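# Chain and residue survey
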Amino acid sequence: MACDAAGVAGGVRRVAGTVSEHKAELTNLDREIGDGDHGENLARGFGAVIGKLDAETPDSPGGVLKLVATTLISTVGGASGPLFGTAFLRAATSVGDAGELDGSAVAAALEAARDGVVARGKAEPGDKTMVDALTPAVDAAKAAAEGGGDAAAVLAAAAGAAEQGAADTEPMQAHKGRASYLGERSIGHVDPGARSTAYLLRALAD
Ligand code: ADP
Ligand code: MG
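Sequence order as written defines the numbering, with residues in each chain counted from 1. Starting at A for chains and at 1 for ligands, labels are handed out in the order in which the entities are written. Per-residue local features of the predicted model are confined to residues with pLDDT of at least 70, and side-chain atom pairs are confined, for both listing and counting, to 80 or more; whole-chain, interface and lining totals are unaffected and use all residues. As a rule here, side-chain values come from all non-hydrogen atoms in the structure, and water together with hydrogens is ignored.

Turning our attention to the site of ligand 1. One heavy atom suffices: a residue is near a molecule or strand as soon as one of its heavy atoms comes within 4 Å of it. Every one of the 20 residues lining ligand 1 counts as a neighbour, but D35, A79, S80, G121 and D191 are closest to it. Any pair of N or O atoms that falls within 3.5 Å is considered a polar contact. Within protein, one atom must be able to donate a hydrogen and the other to accept it, and sequence-neighbouring residues count only if both atoms are side-chain atoms. The contact in question runs from an oxygen atom of ligand 1 to an N or O atom on the side chain of H38, over 2.9 Å. In these tables, accessible area is a Shrake-Rupley quantity obtained with a 1.4 Å probe, and a residue counts as shielded only by the protein chains included in the view. Protein chains bury 93% of the 560 Å² of accessible surface belonging to ligand 1 in isolation. Contributing elements (two or more residues each) for the shell around ligand 1: α3 (38–55), α5 (80–95) and α9 (192–205). The secondary structure listing takes helices from DSSP runs of H or I that are at least 4 residues long and strands from runs of E that are at least 2 residues long, numbered from the N terminus. Of all the elements, α9 adds the most residues to the shell around ligand 1, at three residues. We call Asp, Glu, Lys and Arg charged. Ala, Val, Leu, Ile, Met, Phe, Trp, Tyr, Cys and Pro are nonpolar, and the rest, Gly among them, are polar. Residues that form the shell around ligand 1 fall into these classes: six nonpolar, eight polar and six charged.

Shown next, in the form of structure tokens:
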């Protein structure tokens, strides 16, 4: 499938399906080290995104990403709503009005998304947040793009690295967000936002 507006919209629909499938798991992870709303938050947000895509699908990848951004910002709430919203908004700006994205454009969009999350949330790698999934994903995406990978290959590389990055948050102590209130008691649990980021990238890659 080409990484054009229809392809990106299809990926976003798949993200919505994945989020709803894993809603309970994400909420349970957030119950361990947060307030138990992460799955609900994302399911509400991506449910609203589907409603808007059903009404009208924008005619460029950037348009689709911007629709996702504005919808998540207005419907998700919590810490993750503005962070995911910023990620999609920066990705939209990065791809501009291109009609179709190649591997390099996808890697650049992922990097812009990660940089936006860091600028907004001020988390560094190792703080046990979604940044711990996004940062290895960006590194893997850039390497895949430099090796000539197409959009699908770049997203697959990003998803694999994000899955490992999410798993690697388990032994970390949280230094940002609600989980940081737990101090050492945050150790031994996977960060919900890192896990959802990995699901999101895997769904886009698929
Ligand atoms: P809330 O914490 O407000 O209930 P969610 O439960 O939806 O929001 O999202 C929690 C997730 O948000 C965390 O697991 C973490 O990955 C992410 N997060 C929280 N604060 C930050 C931050 N400052 N920078 C990056 N990610 C963050
Ligand atoms: Mg929460």
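Don't stop here, the text continues.
One finds F46, V49, L72, F88, V106 and L110 to be the most contacted residues of the largest nonpolar core, which totals 60 residues. If one sorts the elements of this core by residue count, helix α7 (residues 131–146) sits on top with eight residues. Residue contacts are defined here by distance: any two heavy atoms, one from each residue, within 4.5 Å place the two residues in contact. Setting aside anything within four residues of it in sequence, one finds F46 in contact with V15, A16, V19, V68, L72, F88 and L200. Among the buried residues, those of types Ala, Val, Leu, Ile, Met, Phe, Trp, Tyr and Cys that are joined through side-chain atoms within 4.5 Å form a nonpolar core. Buried residues are those whose accessible area, probed at 1.4 Å on protein chains only, stays under 20% of the maximum for their type, while exposed residues exceed 50% and partly exposed ones sit between those limits.

This paragraph deals with helix α8 (residues 151–167). Expected span, for any helix, means 1.5 Å times one less than how many residues it has. The terminal C-alpha atoms of α8 lie 24 Å apart, and with 17 residues this matches the ideal 24 Å at 1.5 Å per residue to within 8%. Restricting attention to buried positions, one finds in α8 the residues A151, V154, L155, A158, A159, A161, A162, G165 and A166.

This part covers the side chain of K128. Structurally, K128 is set in the loop between α6 (103–121) and α7. His is not counted here, nor are the chain ends, while Lys and Arg score as positive and Asp and Glu score as negative. In the sections that follow, a salt bridge refers to a side-chain nitrogen of Lys or Arg positioned within 4 Å of a carboxyl oxygen of Asp or Glu. Buried and without a salt bridge, K128 has D191 as its closest oppositely charged side chain, separated by 6.8 Å. Within the structure, K128 has its side chain in polar contact with the backbone oxygen of T169 (distance 2.8 Å). Among the polar contacts made by the side chain of K128, one reaches the main-chain carbonyl oxygen of H189 at a distance of 2.6 Å. If we skip the residues at most four places from it in the chain, K128 touches I33, T169, E170, M172, Q173, A174, S186, I187, G188, H189 and D191.

Before going further, it helps to spend a moment on the packing of aromatic side chains. Side-chain rings of Phe, Tyr and Trp, where Trp is taken by its six-membered ring, are said to pair if the distance between their centres is within 6.5 Å; with planes under 30 degrees apart they count as stacked, over 60 as edge-to-face, and otherwise as tilted. This model, assessed by the stated rule, comprises one aromatic pair. Consider the rings of F46 and F88, whose centres lie 6.4 Å apart with planes at 70°: the pair is edge-to-face. Here the residue F46 occupies a position in helix α3, and F88 occupies one in helix α5, the gap between them amounting to 42 residues. Residue F46 shares its accessibility class with F88, and that shared class is buried.

What follows concerns the coordination of the magnesium ion (ligand 2). Coordination of the magnesium ion (ligand 2) by the protein is provided by D30 (OD), D35 (OD) and D37 (OD), with metal-donor distances spanning 2.0 to 2.2 Å. In primary sequence terms, the donor set of the magnesium ion (ligand 2) follows D-x4-D-x1-D. Overall, D35 belongs to the partly exposed group, its relative accessible area being 37%. In this analysis a donor is any N, O or S atom within 2.8 Å of a metal ion (3.2 Å for sodium, potassium and calcium), and since water is not included, sites may seem incomplete.

Below, the discussion takes up the side chain of T27. As for its position among the elements, T27 is in helix α2 (residues 23–33). Since its relative accessible area comes to 6%, T27 is described here as buried. For T27, the contacting residues outside a window of four places in its chain are G36, D37, H38, G39 and E40.

A fitted line through C-alpha atoms represents every axis, and for helices the fit uses only the stretch in contact; the resulting angles, taken between N-to-C directions, go from 0 to 180 degrees. Contact geometry of α3 with α9 gives a least axis separation of 10 Å together with a crossing angle of 35°. Relative to α9, α3 is oriented so that their crossing is right-handed. Along the contact surface, α3 presents H38, L42 and F46, while α9 presents P192, G193, S196 and L200. Taken together, the residues of the contact of α3 with α9 sort by class into four nonpolar, three polar and no charged. Handedness of a helix crossing follows the sense of rotation of the near helix relative to the far helix, less than a right angle counterclockwise being left-handed and clockwise being right-handed.

With that settled, the discussion passes to the packing of α5 against α6. The interhelical angle for the contact between α5 and α6, taken along N-to-C directions, is 140°, at an axis separation of 7 Å. The orientation of α5 relative to α6 falls into the category oblique. Two packed elements cross with a definite hand, and for α5 against α6 that hand is right-handed. Counting all contacts with α5, which are made through P82, L83, T86, A87, R90, A91, S94 and V95, the residues of α6 involved are A105, A108, A109, A112, A113, D115, G116, V117, A119, R120 and G121. Its residues placed into classes, the contact of α5 with α6 shows twelve nonpolar, four polar and three charged. Here the word oblique covers every angle except those under 35 degrees (roughly parallel), over 145 (roughly antiparallel) and from 65 to 115 (roughly perpendicular).

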